[in-house]
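Examination of the molecular architecture
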Amino acid sequence: MTTMMTDITGATELDALVVGAGFAGLYQLLCLRDRLGLSVKALEAGAGVGGTWYWNRYPGARCDSESHVYWYTFSPELMREWEWSERYPGQPEIMRYLNFVADRFDLKRDIQFNTRVVAAEYDEAANRWRVRTEAGETFVAKFLITAVGCLSTANVPKFEGLESFAGDWYHTGQWPHEGVDFTGKRVGMIGTGSTGIQAAPVIAASAEHLTVFQRTANYSVPARNAPLTSEFQGYIKENAAGIRAVTRETLNGMGFRIEERLAVETPAEEREAIYEAAWERGGLQFRAAFKDMMVDKAANDTAADFVKRKIRSIVKDPRTAAILSDIDHPYAAKRPPIDTNYFETYNRANVTLVDVKAAPIQRITPAGVCTTEAEYPLDIIVFATGFDAMTGPMLRMNIRGRDGVALQDVWDAGPRNYLGLQIAGFPNLFTITGPGSPSVLCNMPVAIEQHADWITDCIAHMRTKGLERIEARPEAVEKWVAEVNDVAGKTLLPLATHSWYLGANIPGKPRVFMPYAGGMVRYREICQDVVARGYEGFALA
Ligand code: NA7
């Protein structure tokens, strides 16, 4: 049992405080409590574990990493005990998994649920973080670790008149636990990112009518989800260590390798057959078809052209097909969705696509959504409009470092940190899978385990050496920010100028490519080298 003390102000004193109880928070709590024996607590805004998966309960919510690589790998026993049922785990199954893990390792007793952090301030004299919750409680800890996720701050665009809407509206990332009944309803859904693409077919199956408002057309490849066969489940159990090893060797922490061949050097007919096979196999593996797909525009064009032709062949109404396939960015330069019957959904009589790039949404009226061309009467509006990604969850905690300097000001022109792990001027604060780390470009559990292990080893090192404080050096931050920019610039990723990777989906947000695009393998090496060179770039005291 974690020993906790209270100081003279009544604040709870801890060695470490973790914010969040999703994949990252659970594992970080386990590492610090059970491996290092620290007094540690996790604070979680939700009423249960799960983080992003706790909130994203929208219809069709499903992971786009395959289940056999979307889990913790720190415990061989755990990998033997858990069995996934489908190729891609759905939201309810992921919640069951995370609850299983939390119970298996008895983590819930050190998690305080329904607790939102509203302020965190570093007290230099005491070398402690003072963290305040919405309910007015205060926690004091030497180490503060944010495990707040990358996609946990819902973005509801500020449409004029939303408050006047007579029906109900929901953001997919704040979905009601009891679900939403679409039967007999006219539903409007705004947004065609991964979420909208997953939700549309499911909503259309029960709604009287679904109107999808699309601003930017998007690629999608069939997920080809299916129940796992008992043979494959057995294979996972027998080969868990090998599968884990592969996720440590691949660029994005996935279970598949990117082919060495180049699209631009492959004869057209052969290339077409390769894409066709990748389309049939389905899922994110599509982008593994050729090595040059994400670095050479000519190569990417061949993939883009293939998917656009697929869209036009699936969607029967030529005008709808044209709007869906009028895609303005390279394939996978925005997060590439995978789907189950998404484009097929537009062949249903009860589904309409509205091009809000051609005729933007002007306002929400009591009756529905009004574009510059028409008003669409609706009973329910679903906002599949994404998140203030990566920086949003950090900034809304009102974090202040040395001398009361606000993170908001330090990140005024975009996130600045070292290795995505620490921010200069914010000693003993660690961020798990924040901006500047591979995070969303990697299979998340792989990125999370690497970060939590690194932080745990770092704190262990400090304890062994009697060190009290670690802080990123400003010059290391400068270099790292330049490196993050530089590696992104070597890929096609920044060409999707409206992507959330760049912060472009939030009006006024600085446009900086946020995740580290150099790949998980390279990133892991960099982090290991930094340690080998005595925590180079960090000031330890
Ligand atoms: P995304 O990928 O950010 O998608 C949001 C969608 O909402 C996208 O199509 C946006 O169009 C659209 N959007 C946002 N604001 C507006 C306004 N004001 N008007 C019209 N349309 C708008 O979020 P998701 O939830 O789908 O996916 C997030 C991640 O979760 C995903 O990448 C996976 O990693 C899991 P836009 O493209 O900006 O024109």
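Residues numbered from 1 in each chain as written. Predicted model: local features only at pLDDT ≥ 70, side-chain atom pairs only at ≥ 80, totals over all residues. Heavy atoms only, no water.

Across its 13 residues, helix α16 (residues 520-532) extends 18 Å between first and last C-alpha, which sits within 8% of the 18 Å expected from 1.5 Å per residue. Residues of α16 that are buried include every one of Met520, Tyr523, Arg524, Ile526, Cys527 and Val530, and no others. Here the buried residues of α16 occupy an arc of 160 degrees about the axis, which is enough to place them on one side. Buried residues in α16 make contact with α7 (240-249), α14 (444-465), α15 (474-489) and β21 (538-540). Where α16 ends, the next residue or the one after it, Gly534, has phi of about 70 degrees, a positive value. (Helix = DSSP H or I, 4+ residues; strand = E, 2+ residues; numbered from the N terminus. Expected span 1.5 Å × (residues − 1). Buried < 20%, exposed > 50% of the residue type's maximum accessible area, 1.4 Å probe, protein only. Arc of directions from axis to C-beta. Contact = heavy atoms within 4.5 Å.)

On to the packing of aromatic side chains, then. Inspection of the entire model under this criterion finds 41 aromatic pairs. Aromatic pair Phe232 and Tyr235: ring centres 5.7 Å apart, planes at 25 degrees, arrangement stacked. Placement of both Phe232 and Tyr235 in helix α6 (residues 230-238) is noted, with a separation of three residues, approximately one turn of the helix. You can call Phe232 partly exposed: its relative accessible area is 29%. Here Tyr535 and Phe538 contribute two aromatic rings whose centre-to-centre distance is 6.4 Å and whose plane-to-plane angle is 70 degrees, an arrangement assigned as edge-to-face. For Tyr535, a relative accessible area of 3% corresponds to the buried category. One aromatic cluster is present, built from ring pairs that chain together Phe23, Tyr27, Trp53, Tyr70, Tyr72, Phe74, Trp82, Trp84, Tyr97, Phe100 and Phe105. (Phe/Tyr/Trp six-rings, centres within 6.5 Å; stacked < 30°, edge-to-face > 60°.)

Here we take up the confidence of the model for the protein chain. Looking at the protein chain, the pLDDT average stands at 97 and 99% of residues meet or exceed 70. When mean pLDDT is compared element by element in the protein chain, strand β9 (residues 186-190) scores highest at 99, while strand β1 (residues 5-6) scores lowest at 80. (pLDDT = per-residue confidence, 0-100.)

Moving on to the environment of Val446. Within the secondary structure, Val446 is located in helix α14. Looking at Val446, the relative accessible area reads 2%, which means it is buried. For the pair Val446 and Trp71, spaced 375 residues apart in the sequence, the C-alpha separation amounts to 8.2 Å. Ignoring anything within four residues of it in the chain, the contact list for Val446 reads Thr247, Arg248, Gly253, Met520 and Arg524.

Moving on, we come to the site of the ligand. The immediate surroundings of the ligand are formed by 18 residues, with Thr192, Thr195, Arg215, Thr216 and Lys334 found nearest. Residue Gly193 places a main-chain N or O atom 3.5 Å away from an oxygen atom belonging to the ligand. Between the ligand and Ser194, the relevant distance is 3.0 Å, taken from an oxygen atom to a main-chain nitrogen or oxygen of the residue. Relative to its unbound accessible surface of 770 Å², the ligand loses 87% to contact with the protein. (Near = heavy atom within 4 Å. Polar contact = N/O pair within 3.5 Å; in protein donor to acceptor, adjacent residues only side chain to side chain. Areas by Shrake-Rupley, 256 points an atom, 1.4 Å probe, with all protein chains shown as cover.)

The next subject is the pairing of strand β10 (residues 209-214). Of all six residues that make up β10, five are buried, and the element is covered over most of its length. Examined bridge by bridge, β9 and β10 share five bridges and lie parallel to one another. In the sheet register, Met189 faces β10, and the bridge partner there is Val212. What joins β9 to β10 is helix α5 (residues 194-206), and the crossover it makes is right-handed. Pairing of β10 with strand β13 (residues 351-355), which is carried by five bridges, proceeds in the parallel orientation. For Thr211, the partnering residue across the bridge sits in β13 and is Thr352. (Pairing = 2+ DSSP bridges. Right-handed = clockwise from strand over helix to strand, strands pointing away.)

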